[in-house]
Amino acid sequence: VDVSSPGKSDISCDVRVNVHYFEDGNVQLRTDMKDEISVQVGSAEETAKSIVSAIDKFESKFQTELEEIYVNMHATTFKG
């Protein structure tokens, strides 16, 4: 994040998850999510709050999408 001048700046976000489950079979889940999020640069405190809020929104969006994958997995991935 460029904090050298006030205004909007972008953060590149990238999360990768690799889960390998062995107990009742051999199941792997690999997923990733990338995004660009704008933050407001101002005072140190305002900038920090903006960055934390942006990361929180990105992580919440990723978690929601991951939960949807798990909910729909039985109908798509494990369809027999």
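Note: the structure precedes this text.
None of the values given here were measured: they were computed from a predicted structure. (Residues numbered from 1 in each chain as written. Predicted model: local features only at pLDDT ≥ 70, side-chain atom pairs only at ≥ 80, totals over all residues. Heavy atoms only, no water.)

The next subject is the pairing of strand S2 (residues 27-41). In this sheet, S2 lies alongside strand S1 (residues 7-21) in antiparallel orientation, the contact comprising 15 bridges. Paired with Ile 11 across the strands is Ile 37, a residue of S2. (Pairing = 2+ DSSP bridges. Helix = DSSP H or I, 4+ residues; strand = E, 2+ residues; numbered from the N terminus.)

Within this structure, the stated rule accounts for 3 salt bridges. As a salt-bridge pair, Asp 14 and Arg 16 come within 3.5 Å of each other at their nearest N and O atoms. Classification of Asp 14 as partly exposed rests on a relative accessible area of 41%. Accessibility expressed as a relative area gives 63% for Arg 16, which makes it exposed. Here Glu 45 and Lys 49 are joined by a salt bridge, their closest N and O atoms 3.2 Å apart. Note that Glu 45 and Lys 49 are positioned in helix H1 (residues 44-76) at a spacing of 4 residues, about one turn of the helix. Given a relative accessible area of 55%, Glu 45 falls into the exposed group. Owing to a relative accessible area of 55%, Lys 49 belongs among the exposed residues under this scheme. (Salt bridge = Lys/Arg side-chain N within 4 Å of Asp/Glu carboxyl O. Buried < 20%, exposed > 50% of the residue type's maximum accessible area, 1.4 Å probe, protein only.)

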